[in-house]
Amino acid sequence: MSPMEQNLDVEVEIHDPGTALVTIRGELDVDTATLLHHHLANQALHGRRHLVLDLSAVGFMDSSGLNVLIRATREIRATGGDLHLAAPAPPVAKLFDLTGLSLTTAVHEDVEAALTAVARAGARP
């Protein structure tokens, strides 16, 4: 792992064949955004059209991180899926509100609420 990637940890848990829970820990910035994009693109490549991102342990996000989320939302929607953001820390939630991302992308209080929303939307493999 390069020194730049040490500030970000990404874990993927397959919830069902079409849904992945992506837990992100650390700082999402210019040095780590590409790493996250690769993880998200890999999930789409493997047919997971519904992604839930657990952001509870992301303490900092800059415009590079925000751009990865916007790009991932566009890409996953192009496959008929959707991206759900879960449990953002207050500074990250404020960034979503200030930029309008919270108006265009589902932001949930916690991971369970996000997974429930995916299930209610009829997420199937």
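Residues numbered from 1 in each chain as written. Predicted model: local features only at pLDDT ≥ 70, side-chain atom pairs only at ≥ 80, totals over all residues. Heavy atoms only, no water.

Draft legend 1. Layout of the nonpolar core. The biggest cluster of nonpolar side chains holds 25 residues, and the ones touching the most others in it are Ile-24, Leu-36, Leu-40, Leu-53, Leu-69, Leu-85 and Phe-96. Counting residues per element, the ones that place at least two in this core are strand 1 (8-16), strand 2 (19-28), helix 1 (33-45), strand 3 (50-61), helix 2 (63-78), strand 4 (82-86) and helix 3 (90-99). Non-local contacts of Phe-96, meaning those with residues more than four positions away in its chain, are made with Leu-55, Met-61, Leu-66, Leu-69, Leu-85, Pro-88, Leu-101, Ser-102 and Val-107. Listed in part, the seven residues of the second largest apolar core include Leu-21, Val-52, Val-111 and Val-118. (Core = buried A, V, L, I, M, F, W, Y, C linked by side-chain atoms within 4.5 Å. Buried < 20%, exposed > 50% of the residue type's maximum accessible area, 1.4 Å probe, protein only. Helix = DSSP H or I, 4+ residues; strand = E, 2+ residues; numbered from the N terminus. Contact = heavy atoms within 4.5 Å.)

Draft legend 2. The side chain of Asp-62, seen in detail. Inspection of the secondary structure assignment puts Asp-62 in the loop between strand 3 and helix 2. Although Asp-62 is buried, it forms no salt bridge, and the closest oppositely charged side chain is Arg-71 at an N-O distance of 13 Å. One polar contact links the side chain of Asp-62 to the main-chain amide nitrogen of Ser-64, over a distance of 2.9 Å. Setting aside chain neighbours within four positions, we find Asp-62 in contact with Leu-28, Asp-29, Val-30 and Leu-95. (Lys, Arg positive; Asp, Glu negative; His and termini not counted. Salt bridge = Lys/Arg side-chain N within 4 Å of Asp/Glu carboxyl O. Polar contact = N/O pair within 3.5 Å; in protein donor to acceptor, adjacent residues only side chain to side chain.)

Draft legend 3. Spatial organisation of helix 5 (residues 111-120). Taken residue by residue, helix 5 has Val-111, Ala-114, Leu-115 and Val-118 as its buried positions. On an axial view of helix 5, the arc spanned by its buried residues comes to 95 degrees, and they lie on one face. More than 90 degrees from the buried face of helix 5, the exposed residues found are Glu-112 and Arg-120. Backbone nitrogen of Glu-112 and a side-chain oxygen of the N-cap are separated by 3.3 Å at the start of helix 5; the cap is Asp-110. Two residues or fewer after helix 5 comes Gly-122, characterised by a positive phi angle close to 80 degrees. (Arc of directions from axis to C-beta.)

Draft legend 4. How the structure looks around the pattern of salt bridges. Under the criterion given, the structure shown has four salt bridges. Between Arg-71 and Glu-75 there is a salt bridge, with its nearest N and O atoms 3.1 Å apart. Here the residue Arg-71 and the residue Glu-75 both occupy positions in helix 2, the gap between them amounting to four residues, near one helical turn. For Arg-71, a relative accessible area of 43% translates into the label partly exposed. With its nearest N and O atoms 3.0 Å apart, the salt bridge here joins Arg-77 to Asp-82. On the basis of relative accessible area, Asp-82 is assigned to the partly exposed category, the value being 23%.

In short, the description is geometric, and any link to function would need to be established separately.
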